[in-house]
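Structural features, examined
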Amino acid sequence: MSYKIIGCIFVCIIMASPLRSQSVEGRIIDDKNLPLEGITSVVLQADDSSYVTGGITTVNGSFSLSLPRPGKFILQFSCIGYKKLNVSFLLVRKEKKQLGDIRLNEEAYVLNGVTATAAKPQMELSASNIVVNLSSSILSSEGTLFDALKRIPGIMVRDDGTILINGQTGATVMINGKPTYLSGSSLAGYLQTIPASSIGKIELVSTPSVQYDAGGKTGLIKIEMSKNTTQGIMSSYNVGYQQYKIYSKGNGGVTFQMCKDKLNFSSNYAYYQGTDFHPAIIFRNHTDYDKALVTPLLLNQAAHRTSDYKVHYLRLSVDYDFSPRFSIALYSSNSWADRLDKETMVSAFTSVSLEADSVLTTWNRDKAFQTNRQGGINMTYKSTKQLQWDTSFDFQHYNSPDNQDQNDLFNIASKKGMETRDTLNGDLKANIRIYTAQTEVSAPLNYNIKWIGGFKTSFVRNDNITTYENREGGVWIPNLGMSNHFLYKEAVYAGYIQLQGKVGENNRFETGFRIEHTHINGNMLEYASLSDSAFYDRYTNFFPFMSMEYLLPDKARLAITYGSRIVRPNYKDLNPFVSINDRYLFNQGNVNLKPEISQQLELALLLKKRYRIVVFGTYTHNPISKSYYSDDNNRACVYPLNLSSDYACGIRLTGINLHPWPWWTINANAVCIYKKYAWLNEKKKYDNEVITPMLYAGNQYKITHGWSAEVNGYWNGKTPMGQGLIKPLWSVSIAISKSILEGNGSIRLFADDAFSSRCTNVKIVSFGQEAWYKDDKHAMLGISFLYKFHSGKEMKDSHTKKEIIESKRITL
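Conventions adopted
- Each chain carries its own residue numbering, running from 1 in the written order of its sequence.
- Only residues with pLDDT of at least 70 are given local features in this predicted model, and only at 80 or more are side-chain atom pairs given and counted; all residues enter the totals for whole chains, interfaces and linings.
- For side-chain calculations, the full set of non-hydrogen atoms in the structure is used, while hydrogens and water are omitted.
- Helix and strand assignments come from DSSP, with helices taken as H or I runs of at least 4 residues and strands as E runs of at least 2, each series counted from the N terminus.
- Exposure categories follow from relative accessible area, calculated using a 1.4 Å probe and restricted to protein chains: below 20% of the type maximum is buried, above 50% is exposed, and the middle band is partly exposed.
- By definition, residues are in contact when any of their heavy atoms lie within 4.5 Å.
- Note on areas: Shrake-Rupley, 1.4 Å probe, and residue coverage restricted to the protein chains presented here.
- Patch membership requires more than 30% relative accessible area and the absence of a salt bridge. Residues of like charge join within 9 Å; the nonpolar side chains Val, Leu, Ile, Met, Phe, Trp and Tyr join within 5 Å.
- Salt bridge, as used here, is a side-chain nitrogen of Lys or Arg placed within 4 Å of a carboxyl oxygen of Asp or Glu.
- Asp and Glu count as negative and Lys and Arg as positive, but His and the ends of the chain are not part of the count.
- Charge positions come from single atoms, namely NZ of Lys, CZ of Arg, CG of Asp or CD of Glu.
- Each pair of strands is called paired provided DSSP finds at least two bridges between the two strands.
- Every axis in this analysis is a line fitted to C-alpha atoms, fitted for helices over the stretch in contact. Angles between the N-to-C directions lie between 0 and 180 degrees.
- To define a nonpolar core, start from buried Ala, Val, Leu, Ile, Met, Phe, Trp, Tyr and Cys residues and group those joined through side-chain atoms within 4.5 Å.
- Note on scores: pLDDT gives the predictor's confidence for each residue, bounded by 0 and 100.
- Contacts described as polar in this section are N or O atom pairs within 3.5 Å, which, within protein, must combine one atom able to donate a hydrogen with one able to accept it, while residues neighboring in sequence count only if both atoms come from side chains.
- By convention, a stacked pair of Phe, Tyr or Trp rings (six-membered ring in the case of Trp) has centres within 6.5 Å and planes under 30 degrees apart, an edge-to-face pair has planes over 60 apart, and any other such pair is tilted.
- Only lysine NZ and arginine CZ atoms are considered, and such an atom sits over a ring when it is within 6 Å of the ring centre and within 35 degrees of the ring normal.

Along the protein chain, the regular secondary structure elements total four helices and 49 strands. Going through the 812 residues of the protein chain one by one, you find that 54% of them count as buried. For the protein chain, contacts bridging at least 24 residues in sequence account for 66% of all contacts bridging at least 6. Carbon together with sulfur atoms contributes 59% to the accessible area of the protein chain, which is approximately 36400 Å² in total.

Shown next, in the form of structure tokens:
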């Protein structure tokens, strides 16, 4: 029924287009005979230059404008970065004038070897996405990519690395063809190795088309590194430092880019070192109600956690244009992360009268050295008939040897001097290999419609070995019950086709479908029983996509979009190994996880390219969420589980580049969302539903003599997340910047979470017993320095960027 309703809406919009007798058609190309999309085309009356009609060129560079009457006219073409062009023509009654190909020349002004071009606005807004041009912002281009993401309306980056779009998890992050890692503190550390000065733009796409992998349910965060578009060299240097009490962080990086004739070389190195401090408090009712004699018992756990990081990141890329129609791009990136996690957890048992019962003190030490190597090649061919063929091959090799040491001491209050000790040591080895290949062809069907089709395949091999030992009587004894070997293989075969273009003068459409067939094979060897268990799965998914955009009076736009997405379990969640925090808390994977499938529908109204109103709804089947239960020994287990469903609907209001005064710029976002999770536990129905308001405001102030300031803040109401309910939280960050070295450098002072309010307080909804978790955060004070150097003559970048996302499921 939903398909029929959407189809009727599209037909009605198309039929509403006005019909006229005369028209003028043509195509806009550049100096390489490539079509130009988005060129403004305006028809003026020849005698008095009064406005008659107008539009913009399609993806094929074509335009078709209907005129209400015959006569003499002037057709004017304009776009930032190109010289304005006027074309005069005579139109007779009922004539369809064909102007053919019209060439626009680029506009650039070379001053002392430095090219000056029109600057892009800091933020751009369309009916379906938000674009942040970091290179056009003084403050956003400073610091790290981690800092830059926090400044985008609608995005919240938590300190543990979780990224939420409008209060919902499940976003897919892409960085210029390089996979990213959506997991915990490792993601935060990784984003902090990449300087924001190396990023060109960040695009937030709420409902991606079938060209992109179907993974991720809340949209795409597309991050593109800046590309050298000057014949010459460009480089930048940045350093940063942050401090909280005795804990500090530092980062530094250098970017070098060179372009000479047909060759474009780029390199980027970054280093991050620091200590993260994560104090936490956990409370739960530890009473075992299954026993005949019930003794109420409360468990309070206080954890002091620190994480020491040393991360190196290096990326190299080479592009070469063999001809105006054929080019090759190569890239290679490597990261080395040395991590040491230390935790002291004190678990105190008390009676309901708060009398001490017993205390368990646990010391955990986890040392890991992670290496991640990625690389690939992309080939692009463009024919004289505007046919384009792209082929790419990519790989990723990820290794993570991990050593865990655990010591605990147990004291019983009623038996002074009686202590028990336990020691556990474990070696965990993770080895992941990912290979992908994709080919895509696009070509125009006519002046207004373009088709795109392609195939993609990916192969994943995940090999994990875990061995544990206990120390008894000074001798290490293998713990076969916790030692396992898990091997997981996955292959995904995908095909897609898409049509996009223009219908009439005011309507744009984009529609298509994607089919993905998945093969899964798993094998686990349990050392205790020497048994070998295997599992496999085969499934095929169909992902339709439809979008229609209609131009309203006063340049307003109305868009309706429908899409379907999939979220496959990340590799750590599939791993059945047990990770022990202490005797009463442990984590475990789940090999029986199924992918979650979501359906999304949006209705968006764009006003003056500054304001956007979006009404949306999402339904997700089998959502994956952290779940909690008590085992037979009354231990708390945290493990991933497929819930029954996840409903979400609401409204989003966005305003960008608002100027109450010329020196003050505001970017704001407001969301009101109703969200409901539902699941079964021991044949009993549970749900977690809340209406959540969210507000974000970013303020930038331009002060005299090169000074700038920034104040960003957000407030979130109660937010459901699976079986947990996050209490309201808020945060404000402040920064001030001074431009130096004739505008090529800047110094920035900042306070992240200035009021130490970014504390996460989670109540567990389904546990059988009362439980909650709370972490404590503090303000970080910091300073950063950025210097940029560039020279040369501007040129166009014609290379196609491809993204792969399989490795987003790697949990570092």
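Read on for the rest.
Looking now at a positive patch on the surface. The grouping of K718, K727, K763 and K774 at the surface amounts to a positive patch. Relative to the elements of secondary structure, K727 occurs in the loop between strand 44 (724–726) and strand 45 (729–740).

Taken as a whole and judged by the stated rule, the model has 17 salt bridges. Residues E549 and R557 are paired through a salt bridge, measuring 3.3 Å at the closest nitrogen-oxygen approach. When its relative accessible area of 17% is taken as the criterion, E549 is described as buried. The class for R557 is buried, based on a relative accessible area of 16%.

Looking now at the sheet that holds strand 37 (residues 624–630). With mixed pairing, four strands are arranged side by side in an open sheet as 33-34-38-37. The sheet terminates laterally at strand 33 (578–582) and strand 37, the two strands that pair on one side only. For this sheet the average axis-to-axis angle between neighbouring strands, irrespective of direction, equals 25°.

This part takes up the sheet that holds strand 7 (residues 96–103). Taken in spatial order, the three strands make up an open sheet running 4-1-7, and their pairing is mixed. A single partner strand is all that each edge strand has here, and the edge strands are strand 4 (62–67) and strand 7. Each strand of the sheet is rotated relative to its neighbour by a mean of 15°, with strand direction disregarded. Note that strand 1 (residues 22–29) and strand 4 share six bridges and pair antiparallel. Residue pairing across strands places E25 opposite S64, the latter belonging to strand 4.

What follows is about the nonpolar core. Among the nonpolar cores identified, the biggest contains 29 residues, and L145, L149, I199, I202, I221 and I223 are the most heavily contacted of them. Looking at this core, the elements with two or more residues in it are strand 10 (123–125), strand 11 (129–133), helix 2 (145–150), strand 12 (155–157), strand 13 (163–165), strand 14 (172–175), strand 16 (199–205) and strand 17 (220–225).

This part takes up the confidence of the model for the protein chain. Close reading of the predicted structure is inappropriate where its pLDDT is low. Residues of the protein chain with pLDDT of at least 70 account for 82%, and the chain-wide mean is 80. Within the protein chain, no element has a lower average pLDDT than strand 8 (residues 109–111), which sits at 38, and none a higher one than strand 36 (residues 611–621), at 93. This model gives residues 1–20 a pLDDT under 50, and the stretch forms 26 contacts once residues within four places in sequence are excluded. Low pLDDT, under 50, characterises residues 108–119; the stretch is placed with 20 contacts to residues that sit more than four places away or in other chains.

Another aspect to go through is the environment of Q700. Within the fold, Q700 resides in strand 41 (residues 684–702). C-alpha of Q700 to C-alpha of N712: the two residues are twelve residues apart in sequence and 8.4 Å apart in space. A distance of 3.1 Å separates the side chain of Q700 from the side chain of E710, its partner in a polar contact.

Taken together, the five bridges between strand 2 (residues 40–45) and strand 3 (residues 51–56) define a ladder with antiparallel strand orientation. Bridging across to strand 3, S41 finds its partner in G55. From the end of strand 2 to the start of strand 3, which pair antiparallel, there are five residues, and S49 there has a positive phi angle of about 60°.

Burial runs high along strand 1: eight of the eight residues are buried. Pairing between strand 1 and strand 7: six bridges, direction parallel. Among the inter-strand pairings, I29 is bridged to a residue of strand 7, identified as R103.

Moving on: the side chain of T391. Residue position: T391 is located in strand 25 (residues 388–412). Overall, T391 belongs to the buried group, its relative accessible area being 8%. Within polar-contact distance, the side chain of T391 engages the side chain of T439 at 3.3 Å.

Here we come to unusual backbone geometry. Notably, K609 is not glycine yet its phi reads approximately 55°, a positive angle. With respect to the helices and strands, K609 occurs in the loop between strand 35 (596–607) and strand 36. Even without glycine at this site, S756 takes up a positive phi of about 50°. Within the secondary structure layout, S756 lies in the loop between strand 46 (745–752) and strand 47 (761–764). Residue class for S756 comes out partly exposed when judged on its relative accessible area of 29%.

We now examine a nonpolar patch on the surface. A cluster of nonpolar side chains, Y241, I703, W707, I736, I747, L749 and I783, forms an exposed patch at the surface whose accessible area comes to about 600 Å². With respect to the element layout, I747 can be found in strand 46.

It is worth spelling out the packing of aromatic side chains at this point. Considering all chains together, one arrives at 21 aromatic pairs under this definition. Relative to W663, the ring of W661 has its centre 5.9 Å away and its plane inclined at 10°; by these criteria the two rings are stacked. Judged by relative accessible area, W661 falls into the partly exposed class, the value being 47%. The class for W663 is partly exposed, based on a relative accessible area of 42%. Members of the aromatic cluster, each reached through a chain of ring pairs, are W661, W663, W664 and Y701. Sitting over the face of the ring of F616, R652 holds its NZ or CZ atom 4.8 Å from the ring centroid.

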